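Remarks on the overall topology
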Amino acid sequence: MNLFKRLNSFLKKYTPFFKAGSMTQLAFKFDMFAWLLITAMQMACVVFLWIAVYKNSAEGFESIINGYSFEEIICYFIFSNIFAFVTFDDVTLFDINEEIKDGTIAISFIKPISYRIRFASTNLGSTFTKILMIGIPFFAIAYITFFVMGYLQFVSVLHFVLFLALGFVCQITSCLLLDTINYICGVLCFYTTSGWGLNLAKSVFINFFSGVLIPLSFFPGSFGRVVELLPFAGIAQNSVLIFLGKVNFAQAGIFIAKNILWICVFEFLGWILFKHASKKVTVQGG
């Protein structure tokens, strides 16, 4: 009973922030669709690039390059970019940076709520709305299209549903993992008082090492193996590999467990950093 009361109190505190994140995303839905159009044009350019790569390879479109056939690399690239568009959100970083700029950070410190959970709730609300509006519809369209074209196959309906569920769970942990990284970058704004450069550096780094640009198996030798051990593979690539059925159930479970482990590590690092930074924060202009 006591646990139920605590859970109810927790939901009452942070559900409004979840709703606020969702409503903010709805308020800027046209901006979101504009970025979607830009992303679609970028994806089209890269698809033509992969067509050229396989067309000019030794065995043409029958080639297997670093474990990927032409059909698999196209599916991988489309799905990874859909996931990236939906989950790569910088809300936490820029919200913290704005609070430092306008001075509302002082008010946030005296509120009877967790500073960290507040931002996590807002980000989850924003991401949830993008998943409903963009993620699920475009994923379904892409999956059905690739299946009809023969690019995708599954053994049975049960097998497909299980992998779909595992992929969804992995994607949720991916969202939380990325948010912890954004939170750490946001706390670093306490020292830099500017989040623009931090966000650019973070975005380039994550896009490169998460497998959004190319699968991590394309990285050579020891460097590729090291990159796959880093947490960034869990942000995009691992979920896509599960959806494409390129891993078994045990490997999918390992991917999810690895994400959870890295979330715990980054949350701990963020807690330590915030504890130090909150003592030295300086509001711009005062």
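Placed above this text is the structure.
**Structural notes on the packing of aromatic side chains**
One pass over the full model with this rule turns up 30 aromatic pairs. Aromatic pair Phe18 and Phe128: ring centres 5.8 Å apart, planes at 45°, arrangement tilted. Placement of Phe18 in helix H1 (residues 2-27) and of Phe128 in helix H6 (residues 115-149) is noted, with a sequence separation of 110 residues between them. Since its relative accessible area comes to 29%, Phe18 is described here as partly exposed. The class of Phe128 is partly exposed, set by a relative accessible area of 41%. Judged by centre distance (4.9 Å) and plane angle (70°), the rings of Phe61 and Phe70 are edge-to-face. In this structure, Arg118 packs its charged tip against the face of Phe119, placed 4.5 Å from the ring centre.

**Topic: the pattern of salt bridges**
As enumerated under the stated definition, the model contains 4 salt bridges in all. Glu99 serves as the salt-bridge partner of Arg118, at 2.3 Å between the closest nitrogen and oxygen. Separated by 19 residues along the polypeptide, Arg118 in helix H6 and Glu99 in helix H4 (residues 91-102) bring together distant segments of the chain. Take Arg118 and Glu99: they sit in the same class, and that class is buried. Residue Arg116 is joined to Glu267 by a salt bridge in which the shortest nitrogen-to-oxygen separation is 3.0 Å. Here Arg116 is found in helix H6, whereas its partner Glu267 is found in helix H11 (residues 249-277), with 151 residues between them in sequence. Each of the salt bridges in this network shares a partner with another, and the network as a whole consists of Arg116, Asp179 and Glu267.

**Brief notes about unusual backbone geometry**
Positioned with a positive phi, Asn66 is a non-glycine residue whose angle comes to about 50°. Tracing the backbone through its elements, the reader meets Asn66 in the loop between helix H2 (29-55) and helix H3 (70-87). Among the residues examined, Asn66 registers a relative accessible area of 40% and is labelled partly exposed.

**Comments concerning the side chain of Lys258**
Tracing the backbone shows Lys258 in helix H11. At 2.4 Å, the side chain of Lys258 and the backbone oxygen of Glu228 are in polar contact. In this view, Lys258 contacts Glu228, Leu229 and Leu230; residues no more than four positions away in its chain are not counted.

**Some points on the environment of Phe119**
Within the secondary structure layout, Phe119 lies in helix H6. Residue Phe119 is classed as buried on the basis of its relative accessible area, which comes to 2%. In this structure Phe119 touches Thr92, Asp95, Ile96, Glu99 and Asp179, once residues within four positions along its chain are discounted.

**Observations concerning the nonpolar core**
Ranked by size, the top nonpolar core spans 32 residues in total, and within it Ile74, Ile78, Phe79 and Phe146 carry the most contacts. Residue assignment for this core shows that the elements contributing at least two residues are H2, H3, H6, helix H7 (157-192), helix H10 (237-243) and H11. Of all the elements, H3 adds the most residues to this core, at 10 residues. The contact partners of Phe146, leaving out residues within four places of it in the chain, are Ile74, Cys75, Ile78, Phe79, Tyr151 and Leu152.

**With respect to H4**
Quick reminder: α-helices carry 3.6 residues per turn. Residues three or four places apart thus point the same way. An ideal rise of 1.5 Å per residue puts 16 Å on 12 residues; H4 measures up with 16 Å between its terminal C-alpha atoms. Inspection of H4 places Thr92, Leu93, Ile96, Asn97, Glu99 and Ile100 among the buried residues, and these make up the whole buried set. Down the axis of H4, the buried set is contained in an arc of 160°. They therefore lie on one face. Residue Gly103 follows H4 closely and has a positive phi angle near 90°.

Each value, and the rule that gives it
- Residues numbered from 1 in each chain as written.
- Predicted model: local features only at pLDDT ≥ 70, side-chain atom pairs only at ≥ 80, totals over all residues.
- Heavy atoms only, no water.
- Phe/Tyr/Trp six-rings, centres within 6.5 Å; stacked < 30°, edge-to-face > 60°.
- Helix = DSSP H or I, 4+ residues; strand = E, 2+ residues; numbered from the N terminus.
- Buried < 20%, exposed > 50% of the residue type's maximum accessible area, 1.4 Å probe, protein only.
- Lys NZ or Arg CZ within 6 Å of the ring centre and 35° of its normal.
- Salt bridge = Lys/Arg side-chain N within 4 Å of Asp/Glu carboxyl O.
- Polar contact = N/O pair within 3.5 Å; in protein donor to acceptor, adjacent residues only side chain to side chain.
- Contact = heavy atoms within 4.5 Å.
- Core = buried A, V, L, I, M, F, W, Y, C linked by side-chain atoms within 4.5 Å.
- Expected span 1.5 Å × (residues − 1).
- Arc of directions from axis to C-beta.

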